[in-house]
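Here's the letter readout for the chains.
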Amino acid sequence: MNRCTVLVLAAGQGTRMRSRLPKVLHPLAGRPLLWHILQAVRGLRPERIVVVTGFQAEAVEQSLAAPDLHWVRQYERKGTGHAVQCALPMLQGLTGELLILNGDHPLITTPILEKLLHHHREQGVALTVLSTLLDNPSGYGRVVRNAQGEILRIVEHKDATAEERALREVNSGFYCVSLDRLPAWVGALGNQNAQNEYYLPDILPMAIASGGASALRFEDAQALSGVNDRAQLAQLERVYRDRRIVHWMNQGVSFVDPDSCWVAADVVIGMDTVIEPHVILGPGTAVGEGCAIGPYCHIQESVIGADCRILPFSHLDGAEIEADCDIGPYARLRPGSRLARKVKVGNFCEIKKSTIGAGSKVNHLSYIGDAQVGSGVNVGAGTITCNYDGVHKHRTVIGDHVFVGSDVQFVAPVQVGTGATIGAGTTVTKDVPADSLAISRSHQTHVMGWSEKRKPRS
Ligand code: UD1
Ligand code: CA
């Protein structure tokens, strides 16, 4: 089959969002609305993808920058028809079909776009509009048909009569059009309407008059829903979340209480992993097979190896952990935490920009920052790397099989040789030789009878 071309309209501000952020950059499942549409579009392997930007164009182009995208600017927002006019130079020389998509319908999928394209080709028309039936069609353009059920035109909500507003069939904002006809049609658009805009749907009567038009009525209205305000965005967030979690369950992932979890669009989860209630898996997260993610964990931008156990209330951001690790409860892994196999990080421990070697344990109440910890190391309760002198950050390097007693401070920069032992309560300020004992406590003395003297006479 010939490849089609795709044009996405994303120049609008999205006034009804009441936001400084352009609508198409508002996130759904942690990724911009426009990202979702581009994912569906890429599945078609189109000849070319052209995106029209306008409101905060630089921000939109930057956040979605990719080599397969061609950007066009619409400097003034004069409507969807005008946006298409602005894109015409980018479409010159291309033939066949053009899919035109509104940039604010994030649940669209590749199969739906394929259906639209197939239908268009089957019908042999010059324009096909994707429509759907809505219980509450308010705000959408209505599809007007004649008594025989043939489509006549699309009337925008603001221009519609009361009778037309009662129509439930709406324009979903997806079109398939023959590229050779489009320039003449959009060139002939006027703006005599309630919004003084050049409406793209107004090409419909022109297509009916020359070349023929059809409407494909699609049954899954939810998949075609648009986002115009934040309430609709929240609704779609829920729909998308449910669909995504069902997808992962079908891949062999268990969700004990799916309704309480949230999973970003780009998350990957391995088979036989169990996700307990109230877990948030944010963008950039990959969880391996056979993991257990306990209640109330929040994980983002992190990679978790197979068979790890993340106990309740742990927070992972920018962490990479290999297989078979035990994290939490109440652990915090900050960006740059790299844990090798079988590492344990227990309750109330914070790790930042540090590597921890295989089988090492940081089990209780510790801060490990800017450190390199070898393998088989035991870090005692309350150990702190003093990595910051108020101006610069310094590194702590701890060799393999070091035993660190409780309540130790490493005043960085400092190095500890392989196999050394650090006595409890030690403040390490100098490098520690391998296999030695470092201890910096003062000797304990006893003042006899001290308590008796201190007690008030009763
Ligand atoms: C549009 C349709 C309406 C349809 C609805 C489906 C028109 C005139 N109306 O209405 O029939 O039911 O979508 O959601 O097309 N945009 C630009 N440049 C502009 C104006 C808009 O690029 O000058 C982009 C927006 O960024 C957005 C898309 O086009 O992604 C649709 O614009 P929007 O203002 O949301 O149109 P609706 O009023 O929803
Ligand atoms: Ca819209």
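Rules used throughout
Residues numbered from 1 in each chain as written. Chains lettered and ligands numbered in written order. Predicted model: local features only at pLDDT ≥ 70, side-chain atom pairs only at ≥ 80, totals over all residues. Heavy atoms only, no water. Donors = N, O, S within 2.8 Å, 3.2 Å for Na, K, Ca; no water. Helix = DSSP H or I, 4+ residues; strand = E, 2+ residues; numbered from the N terminus. Buried < 20%, exposed > 50% of the residue type's maximum accessible area, 1.4 Å probe, protein only. Pairing = 2+ DSSP bridges. Phe/Tyr/Trp six-rings, centres within 6.5 Å; stacked < 30°, edge-to-face > 60°. Lys NZ or Arg CZ within 6 Å of the ring centre and 35° of its normal. Near = heavy atom within 4 Å. Polar contact = N/O pair within 3.5 Å; in protein donor to acceptor, adjacent residues only side chain to side chain. Areas by Shrake-Rupley, 256 points an atom, 1.4 Å probe, with all protein chains shown as cover. 1 Å grid on protein atoms, 1.4 Å probe; cavity = no way out; pocket = protein on both sides within 12 Å on 5 of 7 lines; lining within 4 Å. Sits in = over half its atoms within 2 Å of the grid points. Salt bridge = Lys/Arg side-chain N within 4 Å of Asp/Glu carboxyl O. Domains from an automatic or database assignment. Buried area = accessible area lost by both parts, 1.4 Å probe. Expected span 1.5 Å × (residues − 1). Contact = heavy atoms within 4.5 Å.

## Observations concerning the coordination of the calcium ion (ligand 2)
Part 1 of the reasoning: Around the calcium ion (ligand 2), the protein contributes the donor atoms D104 (OD) and N228 (OD1), which lie 2.4 to 2.6 Å from the metal centre. Highlighted residues: D104 in the loop between β6 (97-102) and α4 (110-123) and N228 in the loop between β11 (213-218) and α8 (230-250), separated in sequence by 124 residues.
Part 2 of the reasoning: Using a relative accessible area of 11% as the deciding quantity, one classes D104 as buried.

## Points about the sheet that holds strand β18 (residues 292-293)
Part 1 of the reasoning: Pairing within the open sheet is parallel, and its 11 strands lie in the order β12-β15-β18-β21-β24-β27-β30-β33-β36-β39-β41. At either margin of the open sheet sits one strand with a lone partner, and together these are β12 (254-255) and β41 (437-438).
Part 2 of the reasoning: Here two bridges tie strand β21 (residues 309-310) to strand β24 (residues 326-327), and the two strands are oriented parallel to one another. Counted as the bridge partner of I310 is I327 from β24.

## Examining the packing of aromatic side chains
Part 1 of the reasoning: For the structure on display, the rule yields three aromatic pairs.
Part 2 of the reasoning: Here the aromatic rings of Y296 and F313 are separated by 4.9 Å at their centres, their planes lie at 0°, and the arrangement is stacked. Of the two residues, Y296 sits in the loop between β18 and β19 (298-300) while F313 sits in the loop between β21 and β22 (315-317), which places them 17 residues apart along the sequence.
Part 3 of the reasoning: Judged by relative accessible area, Y296 falls into the partly exposed class, the value being 41%.
Part 4 of the reasoning: A relative accessible area of 37% means that F313 is categorised as partly exposed.
Part 5 of the reasoning: Across the ring face of Y388, the terminal group of K393 is positioned such that the distance to the ring centre comes to 5.3 Å.

## Side note on the site of ligand 1
Part 1 of the reasoning: Lining the immediate environment of ligand 1, one finds 24 residues, of which Q74, T80, H105, E156 and N171 sit closest.
Part 2 of the reasoning: With respect to ligand 1, the backbone of G79 contributes an N or O atom lying 2.9 Å from an oxygen atom.
Part 3 of the reasoning: Within the side chain of N102, one N or O atom sits 2.8 Å away from an oxygen atom of ligand 1.
Part 4 of the reasoning: Bound to the protein, ligand 1 loses 90% of the 750 Å² it would expose on its own.
Part 5 of the reasoning: In a pocket analysis with a 2 Å cut-off to the grid points, ligand 1 is assigned to the largest pocket.

## A closer look at the pattern of salt bridges
Pairs may arise between side chains of opposite charge once their charged atoms sit close together.
Part 1 of the reasoning: Enumeration according to the criterion identifies 19 salt bridges in this entry.
Part 2 of the reasoning: Among the salt bridges present, the one from D104 reaches K23, with a minimum N-O distance of 2.8 Å. Taken together, the residues span a long stretch of sequence, with D104 in the loop between β6 and α4 and K23 in the loop between β1 (5-10) and β2 (27-28) at a distance of 81 residues.
Part 3 of the reasoning: For the salt bridge of D370 with K352, the shortest nitrogen-to-oxygen distance reads 3.0 Å.

## Quick look at the environment of V279
Part 1 of the reasoning: Position of V279 relative to the elements: it lies in the loop between β15 (274-275) and β16 (280-281).
Part 2 of the reasoning: Sequence-wise, V279 and R244 are 35 residues apart; in three dimensions their C-alpha atoms are separated by 14 Å.

## Some words on the pairing of strand β7 (residues 127-133)
Part 1 of the reasoning: β7 sits mainly inside the fold: six of its seven residues count as buried.
Part 2 of the reasoning: Sheet analysis places β7 next to strand β10 (residues 169-178), joined by six bridges and oriented antiparallel. Pairing of T128 across the sheet is with C176, part of β10.
Part 3 of the reasoning: Summarising the sheet, β7 and β11 pair through six bridges and their orientation is parallel. Looking across to β11, one finds that L130 is bridged to L216.

## Digging into the sheet that holds strand β38 (residues 414-416)
Part 1 of the reasoning: Read from one edge of the open sheet, nine strands run β14-β17-β20-β23-β26-β29-β32-β35-β38, paired in parallel fashion. Strands with a single pairing partner mark the edges of an open sheet, and in this sheet they are β14 (268-269) and β38.
Part 2 of the reasoning: Of the pairings in the sheet, the one linking strand β35 (residues 396-398) to β38 comprises three bridges and is parallel in character. Along β38, the bridge assignment pairs T396 with V414.

## Description of unusual backbone geometry
Part 1 of the reasoning: Look at the link from G328 to P329: it is a cis peptide, with omega at 0°.
Part 2 of the reasoning: Position of P329 among the secondary structure elements: in the loop between β24 and β25 (332-333).
Part 3 of the reasoning: With an omega of 0°, the peptide bond between A412 and P413 qualifies as cis.
Part 4 of the reasoning: Residue position: P413 is located in the loop between β37 (409-411) and β38.

## Section: the domain arrangement of the protein
Part 1 of the reasoning: What the domain assignment reports for the protein is domain 1 (5-224) and domain 2 (249-438).
Part 2 of the reasoning: The centre of domain 1, based on its C-alpha atoms, is set 48 Å off from the matching centre of domain 2.
Part 3 of the reasoning: Buried area between domain 1 and domain 2, both sides added, is near 400 Å², and the carbon and sulfur share of it is 65%.
Part 4 of the reasoning: A salt bridge links R31 to D266, with the shortest nitrogen-to-oxygen separation between them at 2.8 Å.
Part 5 of the reasoning: The tally of links between domain 1 and domain 2 comes to two residue pairs in polar contact (both at pLDDT 80 or more).

## Brief notes about α8
Part 1 of the reasoning: With 21 residues, α8 should reach 30 Å at 1.5 Å per residue; the first-to-last C-alpha distance of 30 Å fits that figure.
Part 2 of the reasoning: Residues of α8 that are buried include every one of L233, L236, E237, V239, Y240, R241, I245 and W248, and no others.
Part 3 of the reasoning: Elements that come into contact with the buried residues of α8 comprise β2, α1 (33-42), β12, β13 (262-263) and β14.
Part 4 of the reasoning: Positive phi shows up at G252, right after α8, with a value of about 95°.

## Concerning the pairing of strand β30 (residues 361-364)
Part 1 of the reasoning: When strand β27 (residues 344-347) meets β30, the two strands line up parallel, connected through three bridges. What sits directly across from K344, in β30, is K361.
Part 2 of the reasoning: Two strands pair when backbone bridges link them, and β30 and strand β33 (residues 378-379) are joined in this way by two bridges, in the parallel orientation. Following the sheet pairing, K361 is matched in β33 by N378.

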